[in-house]
Each structure stands twice: as structure tokens, then as C-alpha cells.
Amino acid sequence: FAALKSTRGVDVYDPPSDPHRPERLSLMSELRAAIDADALELFFQPKLRLADGQVDAAEALIRWHRPGRGMVPPEMFITVAEETGNIGRLTRWVLAHGIAHAAELIHAGHSIRVSLNLSARDIGDPGLPDRVAELLHAHGVPASAIALEVTESAVIGEPEAALQVLRRLADTGIDMAIDDFGIGQTSFAYLRRLPVRELKIDKMFVQHLATDPTDRTIVRSLVELGHRLGYQVTAEGVEDAESMAFLASVGCDHAQGYHVGRPVDFAAFVARIGARDPGGA
Ligand code: C2E
Ligand code: MG
Ligand code: MG
Ligand code: MG
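Note that this is a predicted model, so its numbers are computed, not measured.

## Some thoughts on the pairing of strand 4 (residues 113–117)
Right, on to step 1. Two strands pair when backbone bridges link them, and strand 2 (residues 54–66) and strand 4 are joined in this way by three bridges, in the parallel orientation. Across the sheet, residue Ala57 finds its bridge partner in strand 4, namely Arg113.
Right, on to step 2. Bridge analysis of strand 4 against strand 5 (residues 146–151) gives four bridges, and the strand direction is parallel. By the bridge assignment, Ser115 is partnered in strand 5 with Ala147.

Given below as C-alpha cells:
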């Protein structure tokens, strides 16, 4: 809650997770109003296929234009939404808008898969798979045009319930990804039961690849292990050319990070991929 505290000037000895704190309640009612008023926006960050340098995917990342506070980063309000029982509304907004943008990309002739983030709580919602299927149908988007990211912590909370929801999502043809891989506590015994196609190596191991030999060893091993188990592997937090070259050399499938491109609004993202297409690479 560091961001929340520093932004709101709350003392450090305040109980960090009391959902009844007035600040959190007002933040929450503002967020609910923002959802209704569409004051939220999805930014898009490119994912580059290292084999040929093409951007063939993007991750949608939520932003909140909060009046008088600028752009509020998600880590602050996602946690509050989770703790106050409002994450379902937020996720419905993200799914609806993310899938609508995926439809726009298809209609503009782009072949870009859109990854959407789910919160840990969403994985406990048995209504989620049907809702996603309905949205895909309503927008005429094939399941293969989106992917859903969940963190390791999301799946260890309620392993069996999560497994059922993930399986039903995967059954609809949506590829699932484990986000922030490597920093959580998922055992491989559990991981291998999940219908997951992609591992996203956490940026903690990726950001310093250029200078840290230990990180290079970890990432090389995770890529190899991931491939041997049949996963696609993405590295997130790729911040420089050296790191990207290293990832290509160890056969990592996708790179995502500031060096490839920062998250930008949808129009800027479309302009970027449009500008790349004619050149062919
Ligand atoms: P994430 O899903 O792991 O997303 C990657 C985060 O790393 C994003 O932060 C992105 O802006 C940032 N990032 C990308 N490239 C680099 C880089 O090269 N260096 C560094 N230092 N950072 C980089 P962001 O947008 O602030 O999102 C933070 C987290 O909030 C996300 O982590 C995700 O867990 C959550 N989140 C974002 N959007 C949504 C959403 O729509 N729904 C839910 N439930 N969670 C979301
Ligand atoms: Mg993610
Ligand atoms: Mg991540
Ligand atoms: Mg993260």
C-alpha cells in the first residue's frame, strides 16, 4: 500500500488493510463512479515476438484518470477494489473494453492478440467463463484473439476452485498465462495441472539482465524449463537492447518492456503497429 499511503498522506501506523478506513471508502466510491462514467482507460503495451521482431500481441493495462490526481496507477486501486468487493465490476469493465478493442484491431486488419489481466479474486468467480464467452460472441472475436493473465498468487489461494474456472476458460479456447512467474510459490506439481500456455517471467529477473549474471542464469533456466514443459515464455520488464539480445539468444519467445514500447493509449498503439506493418519488420 505504499503508493496509497504516500499519495494520500496516510501515516504508516494506520492499519494497512482495514476496508472501512474513510480514505478507502471515498476512493472506492470515486472508483465506482469512474467505472460508470468510463473515466477508466486501457493502455496497450506491445509484446514482440523475438524470432522475427514482429509485434504480434499486446497487454492491456488499466489506467484511471482521477480528477485532480492525474493518472492513478493500477496497483493502488486494484488492491482497494479487491478488498472492498468491487473487483468484479472492474474486471467486467476491463473484459468488455478489452474485447471491444480486440474487435477493433481485427476489423482494422491487425493480427494482434490482446492479453487482459485478471485479479486473484476473479478466479473464484464461477460466472466468469460464461461472461467472457458472451462478450467474445457479442463482439465477434474468436477466443484465440485474446489471452488472460493471472498471477501465481491468484491460483494458490483456492487451488481447486481456481482450477475449475481456469479449465472452463481454457475450454472456450482462450490461452491462459501465468503472470509475474518466478516470484510466487506455485509448485510445479500444481502448475502442471493448470491449463496454461504461457509463462511471463517477472520483471524482477529481467530488468537487470544486462548487468547481473545471476539473473541471466535464472532467466536462461526458466526459459529452458518452460519450453521443456511445453509453455510459451515471455519476459516482462525488458528495458534495454542487451537484455533483449540475451533473451533472443536463449530462445525466449516474447519480450515486453520499455525497450520494446511503453504502455500507450489505444490510438497511439494502433498508430505504432500501423506504422510498422508496411515495412514488414
Ligand atoms: P503486470 O500485469 O505484471 O503488468 C506489467 C507492469 O509492468 C505494468 O505496470 C507495466 O506498465 C510495467 N512495465 C512494463 N514494462 C516495463 C519495464 O520495462 N520496466 C518496468 N519497470 N515496468 C514495466 P502497471 O500498468 O502499473 O500495472 C501494474 C499491475 O497492475 C499489473 O502488473 C497487473 O498486475 C495490474 N493490472 C494492470 N491492469 C490491470 C487490469 O486491467 N486488471 C487487473 N486485475 N489488474 C491489472
Ligand atoms: Mg499482466
Ligand atoms: Mg507481470
Ligand atoms: Mg505485476
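Having seen the structure, we can now continue with the description.
## As for the layout of surface pockets
Right, on to step 1. Estimated volume of the largest pocket: approximately 1,300 Å³.
Right, on to step 2. Lining the largest pocket we find 42 residues, and of these Leu61, Pro74, Glu75, Asp180 and Lys203 sit closest to its centre.
Right, on to step 3. For the lining of the largest pocket, the elements supplying multiple residues, two or more each, are strand 1 (40–49), strand 2, helix 3 (74–83), helix 4 (87–107), helix 6 (152–157) and strand 6 (175–181).
Right, on to step 4. Broken down by element, the residue count for the lining of the largest pocket peaks at six residues, all from helix 3.
Right, on to step 5. There is about 360 Å³ of room inside the second largest pocket.
Right, on to step 6. Around the second largest pocket, the lining is made up of 20 residues, and of these Asp56, Ala57, Arg113, Ser144 and His254 lie nearest the centre.
Right, on to step 7. Elements with a contribution of two residues or more to the lining of the second largest pocket: strand 1, strand 2 and strand 8 (232–236).
Right, on to step 8. Per-element tally for the lining of the second largest pocket: the top contributor is strand 2, with four residues.

## Concerning the site of ligand 1
Right, on to step 1. Close to ligand 1 lie 24 residues, the nearest being Glu59, Arg63, Asp179, Glu239 and Tyr258.
Right, on to step 2. Glu239 places a side-chain nitrogen or oxygen 2.5 Å from a nitrogen atom of ligand 1.
Right, on to step 3. In this structure, an oxygen atom belonging to ligand 1 sits 2.8 Å away from a main-chain N or O atom of Tyr258.
Right, on to step 4. In isolation ligand 1 has 790 Å² of accessible area, and contact with the protein removes 88% of it.
Right, on to step 5. The pocket occupied by ligand 1, as judged from atoms lying within 2 Å of grid points, is the largest pocket.
Right, on to step 6. For the shell around ligand 1, the elements supplying multiple residues, two or more each, are strand 2, helix 3 and strand 6.
Right, on to step 7. Per element, the largest residue contribution to the shell around ligand 1 is four residues, and it comes from strand 2.
Right, on to step 8. Here the residues of the shell around ligand 1 are counted per class, giving nine nonpolar, six polar and nine charged.

## Section: the pattern of salt bridges
Right, on to step 1. Applying the stated criterion across every chain, the model contains 14 salt bridges.
Right, on to step 2. The salt bridge involving Asp130 is made with Arg168; its shortest N-O contact spans 3.8 Å. One end of the pair, Asp130, is in helix 5 (residues 128–139); the other, Arg168, is in helix 7 (residues 159–171), and 38 residues separate them in sequence.
Right, on to step 3. Assessed through its relative accessible area of 47%, Asp130 is described here as partly exposed.
Right, on to step 4. For the salt bridge of Glu224 with Arg228, the shortest nitrogen-to-oxygen distance reads 3.2 Å. Of this pair, Glu224 and Arg228 are both found in helix 10 (residues 213–228), four residues apart, which corresponds to roughly one turn of the helix.
Right, on to step 5. Looking at Arg228, the relative accessible area reads 69%, which means it is exposed.

## Points about the coordination of the magnesium ion (ligand 3)
Right, on to step 1. Distances from the magnesium ion (ligand 3) to its protein donors, Asp179 (OD), Asp180 (OD), Glu236 (OE) and Glu236 (OE), fall within 2.0 to 2.6 Å.
Right, on to step 2. Between the magnesium ion (ligand 3) and the magnesium ion (ligand 2), a spacing of 4.1 Å is present, and a bridge between the two is formed by Asp179. Placement of the pair is Asp180 in strand 6 and Glu236 in strand 8, with a sequence separation of 56 residues.
Right, on to step 3. Since its relative accessible area comes to 23%, Asp180 is described here as partly exposed.
Right, on to step 4. Looking at Glu236, the relative accessible area reads 7%, which means it is buried.

## What about the packing of helix 2 (residues 22–36) against helix 4?
Working note: a packed helix pair is described by the angle between its axes plus the distance between those axes.
Right, on to step 1. Running from N to C, helix 2 and helix 4 cross one another at 25 degrees; their axes reach a closest spacing of 11 Å. When the interaxial angle is binned, helix 2 and helix 4 end up roughly parallel. In this structure, the crossing between helix 2 and helix 4 has a hand that is left-handed. Counted together, Leu31, Arg32, Ile35 and Asp36 of helix 2 and Arg89, Leu90 and Trp93 of helix 4 form the full contact between these two elements.
Right, on to step 2. A class-by-class count of the residues in the contact of helix 2 with helix 4 yields four nonpolar, no polar and three charged.

## Quick notes on a nonpolar patch on the surface
Right, on to step 1. Together, Phe188, Leu225 and Leu229 make up an exposed nonpolar region whose accessible area comes to about 250 Å².
Right, on to step 2. If you trace the backbone, Leu229 turns up in the loop between helix 10 and strand 8.
Right, on to step 3. Taking relative accessible area as the criterion, Leu229 reaches 45% and is therefore assigned partly exposed.

Procedures and definitions
One numbering rule holds for all chains: residues counted from 1, following each sequence as written. Here the convention is simple: chains get letters from A, ligands get numbers from 1, in the order in which they are written. Where totals are concerned, whole chains, interfaces and linings use all residues; where local detail is concerned, this predicted model gives features only for residues with pLDDT of at least 70, and gives and counts side-chain atom pairs only at 80 or more. Here the side-chain values reflect all heavy atoms present in the structure, with hydrogen atoms and water set aside. Strand pairing is assigned whenever DSSP detects at least two bridges linking the two strands. Helix and strand labels come from DSSP, where a helix needs a run of H or I of at least four residues and a strand needs a run of E of at least two; each type is numbered from the N terminus. Both site types are read off a 1 Å grid over the protein atoms alone. A 1.4 Å probe that fits but cannot get out defines a cavity, while an open set with protein on both sides within 12 Å along at least five of seven lines defines a pocket; lining residues have an atom within 4 Å of a point. Grid points are joined across faces, edges and corners, and a volume is the space filled by probe spheres set on the points. Here a residue counts as near a molecule or strand whenever at least one of its heavy atoms sits within 4 Å of it. Throughout this description, a polar contact denotes any pair of N or O atoms lying within 3.5 Å of each other; where both atoms belong to protein, one of them has to be capable of donating a hydrogen while the other can accept it, and for residues adjacent in sequence the pair is counted only when both atoms sit in side chains. For every accessible area listed, the method is Shrake-Rupley and the probe measures 1.4 Å; residues are considered covered only by the protein chains on display. Just a note on the criterion: a molecule sits in a pocket or cavity if more than half of its atoms are within 2 Å of the grid points. Under this grouping Gly is polar, as are all residues other than the nonpolar Ala, Val, Leu, Ile, Met, Phe, Trp, Tyr, Cys and Pro and the charged Asp, Glu, Lys and Arg. Each salt bridge in this description consists of a side-chain nitrogen of Lys or Arg and a carboxyl oxygen of Asp or Glu lying within 4 Å of one another. Exposed residues in this analysis have more than 50% of their type's maximum accessible area, buried residues have under 20%, and partly exposed residues fall in between, with area computed by a 1.4 Å probe over protein chains only. Only N, O and S atoms count as donors, using a 2.8 Å cut-off from the metal and 3.2 Å for Na, K and Ca, and because water is excluded some sites may appear unfinished. For helices, the fitted axis covers only the stretch in contact; all axes are lines through C-alpha atoms, and the angles between them, taken along N-to-C directions, range from 0 to 180 degrees. Working definition: roughly parallel below 35 degrees, roughly antiparallel above 145 degrees, roughly perpendicular at 65 to 115 degrees, and oblique for all remaining angles. Left-handed describes a crossing in which the near helix is turned anticlockwise from the far one by less than a right angle; the clockwise case is right-handed. We call two residues contacting when some pair of their heavy atoms lies within 4.5 Å. Distance thresholds for patches are 9 Å for like charges and 5 Å for nonpolar side chains (Val, Leu, Ile, Met, Phe, Trp, Tyr), applied to residues having over 30% relative accessible area and no salt bridge.

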